[in-house]
Amino acid sequence: MTTQESLISHDHAGPPTLSAGDHAPLPADAPPGAIFVARGLRYSYLDRFAALDGVDLDVMPGEMVALLGANGSGKSTLLKVLDGLVFPSEGTLHAFGHLVTEGNLEDEQYVEAFRSRVGFVFQNSDTQVFSPTVREEVAFGCLQLGLSAEETRQRVDDVLGMLGIADLADRAPFQLSGGQKKKVAIASVLVMNPEVLLFDEPTAALDPRSQQWLAELIVELNAAGKTIVYATHDLDVLEQIATRCVVFSEDHRILASGPPGAILDDTALLLSANLIHEHSHVHLREGQRVEHSHAHQRGGHHH
Amino acid sequence: MAEHTTTTTPSWLLSSNVGLCPCGCIGKRTKGSFVEKTLTGGSDLLRQVMFSDDLARRSGLLQRLDPRAKLGGMLLLLIGAGLAHHLETLLATYVVVLALAGASRVPLGFFLKRVWLFVPIFTLIVVLPATLSIVTHGDVVVELWSWHGQPQGLTAQGLRSAALVVSRVAVSISLVVLVTVTTPWNRLLAGLRGLGVPRMFILVIGMAYRYIFLLLDSVTDMYEARKARTMARVKHDRTARAFVGASAGALVGKANQLSEEVHQAMVARGYRGEARVLDTLRLRRADLVALAVAVLATALMLTADRMLGR
Amino acid sequence: MHIPDGYLSPSTCAVGYAVAIPTWAIASKRVSKVVKTRNVPMLAVFSALSFLVMMFNVPIPDGTTAHAVGGAVIAICLGPWAAVIAVSVALLFQALLFGDGGVLSYGVNVVNMAIILPFVGYGIYRLIAGRTPLTSGRRVVAAAIGGYVGINAAALAAAVEFGIQPDLFKSADGTPLYSPYHLSQTIPAMAIPHLTIAGLVEAVMSAAIVAYLQRADVSRLVPSHPGIPLTEADRAPRPARTLAPARVALGFVVLMVVLSPLGLLAPGGAFGEDNPNDLNLNKLGLHAVPAGLDKYNGFWSHTLLGGYGFSSGDHADLGYILSALIGIVVVGVAILLIGLVMRAVLGRRDADREREQEPQRLG
Ligand SMILES: Nc1ncnc2c1ncn2[C@@H]1O[C@H](COP(=O)(O)OP(=O)(O)OP(=O)(O)O)[C@@H](O)[C@H]1O
Ligand SMILES: [Mg+2]
């Protein structure tokens, strides 16, 4: 790796690997007050397909962290690890100062606290929206965490109103468009009012206006004190909705992490992460960032 | 370090030849196979079920009732129809059902079509041979041939039995269809829960309903994709069988992944094995009246049936 | 195989529910214990799958349709109790939303397709697969045969339920009140399409799914196969197994189930002479009936036709109802037996497994 500029700090160069135990202490280099402290995370699907290969990450309260990386680099997997849905085969994850393991999450109190503090909007909203009606879908999380029916109903109405989907309340989720489903998925997480929000490609499937609206919503939530971690392929809005970017390499490690401006300026880094094509240029210095492609002019192709 | 994806587009992809066939032929349309018909028929049917939601939202008699009252009444009348031994009783019940459909603003044409296609019609065909003396012994009313000096043909018992079975099938299906088209799916589910179906079943039913649509889409997609890639026409049967074999595996793979992700999505929102639901059902007086009417109607039906003889 | 309302007497339907309800109760208890939270989405997706599979059906001449169910393979993937729930839910959709299969007869349909099918299919699968590793080819064959036999057992049960109606329930003048066909007609009418088309589809589908899982994600099969090694390599040496009596009983029941539809094919040939309507079925390659089957044929016609001589309409109803009950209860008890046997076997293996390995998170 020779492409990093001095501006971009590496996230913890030497990964101190800790063996997972239900009471492993916070790593010594963990910044105080961090929400997530991940060290040396490794995960592979079916023990065959690597998805994370030694990932270190700290997330501080109030941050807006954007995870960038090519398809299949491990962004979704990392988010699932952060949400305690899959468990790393190696490495440790501390959330709110406590170790997250499968065993710990079986503890009633711990799991309830964890689930109500961390919300996750999945990449594929078809899987997230599983209830017979939109209203029940949005109510699901609150009811699971023991909110009263009355309070739940109130919250559901509020959140549906806020997202402008109140008229869908009694529809069945399979009757919705992709973008509407996404909004329902977002509503079903916001309704629980978690302090950490994990989004997996939240803007995919949304129309441009809704994308803009979502970007503003994220900023607004962040201003209200929420910590936000999201995976995205949308480089255009990064400076607006990220305080930090984390770039994944295709071999499932973190290449770099730093403020969006610095990351986006580093064309070599983005190229090495296979995030951009040689022929696409991100124009940073113009008032508005435009991404476009030059005509293909390599040898061997004649048009 | 990962390599750059400097893929070069293969030239054949950029050439203007259409597909694999250099002659540029488009091929001829072939009739749909069994699989294809079932797929398109199936998605049409599912769509129809979804459309029936707007019948369920009209303001008619049955739409105003609590789903539990409707399901309970339906069960009573079904048992009544099952116990009835006379055609007259069943026909009278059918008239009442049609009247209920009318009062619930269910278009008659739609209702008749939905009910009669295809089970009762099929039943009719199926019971026809049973009218013959070789199946149902009895008094031969229409002699068709004789065997060992015995007249053989249609028997009174056979004809009556056929009429009885067909009309009972039609009445039963009408009752079920009437209730399901006048009740939105989620209310129906709530009604089942109200009738004591355990929560885990309700949860499975609700989710399965949703995933039928998703999986049907995958099957259709897989089939379409396959069809789009298949140029030569193989024998129908074999294609269908190969398709079933190949797609079943892939479908299960998909189903597996789906269930894993749904599980994660549920767990992420605090699911720990027991789902809680928003309960909104309340039995009102009208519902109790409706139930009482159903009880009375069933009693009346059975008394009348007994009076007609055994 | 979906029996609509109107073909069966309410009392037959009541018997169906009487078998189904306790089975559901056991199933939901066992399923929630075994797979914990993961079960609900899994069951839901598999019932959706079963529902879709059942949509591919062809009408057959006794008033129902022939189609695959997927019950056996669901039992293989999730365990037989889970299969009970998954297929029951699929049948519920069919009954409520599509009028395919009745509401009163739902219990009977559940007994046939959601109880008999998965348990018989699963039993056969386990018998054939034995303790071969999860990735072994024998499991694919076992799944195919399990599916084939399971669906035919279910079809036979449906045929019996149909076939006892005209003798049990008729009015004073001999008018059959429900399905008018006799056992000698319903059994071939159900058996032939299921032995050929539906059985084959179920077999191909079961085999394809097991083969797919072996290739793509064999760990999915681990929870429903406790104590079975993954590959030949991790096979622990085991002491030679003795044939437990329960195992033998199970084998016997299964063998009977396999044999009975074959034996009952013989009256089908005779029936074809009587009823021109069904002749085309008999052309389907069933000319040669193995000599040994004549014996079974005689056995069956003796007991069934002898007992239910349909010319005399004044037979004691009680006797008929008793016979019907016995028929169904025998099937029920057989299932229960299989269930008990498996519970014992599974329970032991579960304990073994817990001792042997830390439960590992899959997928
Ligand atoms: N269910 C699965 N089974 C097997 N392998 C998987 C599964 N899900 C993901 N993988 C593999 O794990 C790796 C990381 O996947 P992940 O979904 O985390 O990528 P991603 O960065 O989110 O990609 P994308 O931008 O396409 O969403 C990929 O190589 C992928 O092939
Ligand atoms: Mg992803």
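Before reading on, note that the structure itself is shown above.
Residues numbered from 1 in each chain as written. Chains lettered and ligands numbered in written order. Predicted model: local features only at pLDDT ≥ 70, side-chain atom pairs only at ≥ 80, totals over all residues. Heavy atoms only, no water.

J.: Can you tell me about the coordination of the magnesium ion (ligand 2), naming the residues and giving the values?
T.: In the first shell of the magnesium ion (ligand 2), the protein supplies A:Ser76 (OG) and A:Gln123 (OE1), at 1.9 to 2.2 Å from the metal. Remark: A:Gln123 occurs in the loop between strand 6 (118-121) and helix 3 (125-128) and A:Ser76 occurs in helix 1 (residues 75-82); sequence separation between them is 47 residues. (Donors = N, O, S within 2.8 Å, 3.2 Å for Na, K, Ca; no water. Helix = DSSP H or I, 4+ residues; strand = E, 2+ residues; numbered from the N terminus.)

J.: Before we move on, could you go through the site of ligand 1 and cite the residues and values that matter?
T.: The immediate surroundings of ligand 1 are formed by 16 residues, with A:Gly72, A:Lys75, A:Ser76, A:Thr77 and A:His233 found nearest. Looking at the residues close to ligand 1, they fall on chains A and B. Contact distances for ligand 1 include 3.4 Å between an oxygen atom and a side-chain N or O atom of A:Glu201. For ligand 1, the accessible surface in isolation is 630 Å², of which the surrounding protein chains cover 70%. Taken together, the elements giving at least two residues each to the shell around ligand 1 come down to strand 2 (49-59) and helix 1 of chain A. Here the shell around ligand 1 is built from residues that sort into 5 nonpolar, 9 polar and 2 charged. (Near = heavy atom within 4 Å. Polar contact = N/O pair within 3.5 Å; in protein donor to acceptor, adjacent residues only side chain to side chain. Areas by Shrake-Rupley, 256 points an atom, 1.4 Å probe, with all protein chains shown as cover. Nonpolar A, V, L, I, M, F, W, Y, C, P; charged D, E, K, R; others polar.)

J.: Break down the sheet that holds strand 6 of chain A for me, citing the residues and quoting the values.
T.: Residue and element names in this part refer to chain A. Judged by pairing direction, the sheet is mixed, and its 6 strands sit side by side in the order 6-7-8-3-9-10 without closing on themselves. Strand pairing shows two members of the sheet lacking a second neighbour, strand 6 and strand 10 (254-258), which therefore form its edges. Averaged over all neighbouring strand pairs, the angle between strand axes comes to 15°, with direction disregarded. Pairing geometry for strand 7 (residues 196-200) and strand 8 (residues 227-231), over 5 bridges, is parallel. If you follow Val 196 over to strand 8, its bridge partner there is Thr 227. Lying over the sheet, helix 2 (residues 108-117) contacts strand 6 and strand 7, oriented at roughly 55° with respect to strand 6. (Pairing = 2+ DSSP bridges. Axes fitted to C-alpha atoms, helices over the stretch in contact; angles between N-to-C directions. Contact = heavy atoms within 4.5 Å.)

J.: Which residues make up the sheet that holds strand 5 (residues 98-99) of chain A, and what values go with them?
T.: Residue and element names in this part refer to chain A. In spatial order, the strands read 2-1-4-5; together these 4 strands make up an open sheet with antiparallel pairing. Each edge of the sheet is formed by a strand with only one pairing partner; in this case those strands are strand 2 and strand 5. Here helix 1 sits on the sheet and contacts strand 1 (36-45), strand 2 and strand 4 (90-95); the angle it forms with strand 2, its principal contact strand, is near 60°.

J.: Describe in detail the pairing of strand 1 (residues 140-147) of chain B, supporting the description with residues and values.
T.: All names here are of chain B. With 0 of 8 residues buried, strand 1 lies mostly on the surface of the structure. Relative to strand 2 (residues 150-155), strand 1 is paired through 6 bridges, and the arrangement is antiparallel. Pairing of Val 140 across the sheet is with Thr 155, part of strand 2. Between strand 1 and the antiparallel strand that follows it, strand 2, lie 2 residues; His 148 among them carries a positive phi value of about 50°. (Buried < 20%, exposed > 50% of the residue type's maximum accessible area, 1.4 Å probe, protein only.)

J.: Please provide a residue-by-residue account of unusual backbone geometry, values included.
T.: All names here are of chain A. A positive phi angle, close to 50°, is found at Asn 193, a residue other than glycine. The exposure class of Asn 193 is partly exposed, given its relative accessible area of 45%. Unusually for a residue other than glycine, Glu 201 sits at a positive phi of about 50°. Inspection of the secondary structure puts Glu 201 in the loop between strand 7 and helix 7 (208-223). Here Glu 201 falls in the buried class, since its relative accessible area comes to 11%.

J.: How would you explain helix 6 (residues 137-163) of chain C if you had to name every residue and give the values?
T.: Helical geometry note: an α-helix holds 3.6 residues per turn, so side chains three or four residues apart project in the same direction. In a regular helix each residue adds 1.5 Å, so 27 residues correspond to 39 Å; helix 6 of chain C covers 39 Å between its end C-alpha atoms and thus fits that length. Among the 27 residues in helix 6 of chain C, 21 count as buried, and that is most of the element. (Expected span 1.5 Å × (residues − 1).)

J.: I'd like a rundown of the nonpolar core, residues and numbers included.
T.: Core analysis: the largest hydrophobic core is formed by 202 residues, its most contacted members being A:Phe36 and C:Phe93. Tallying contributions element by element places helix 9 (residues 199-229) of chain B first for this core, with 16 residues. Ignoring anything within four residues of it in the chain, the contact list for A:Phe36 reads A:Leu57, A:Asp58, A:Val59, A:Leu82, A:Leu93, A:His94, A:Ala95, A:Val118, A:Val196 and A:Leu198. Grouped together as the second largest cluster of nonpolar side chains are 54 residues, A:Val159, A:Leu217, A:Leu238 and A:Leu271 included. (Core = buried A, V, L, I, M, F, W, Y, C linked by side-chain atoms within 4.5 Å.)

Shape is all these values report; function is a separate question.
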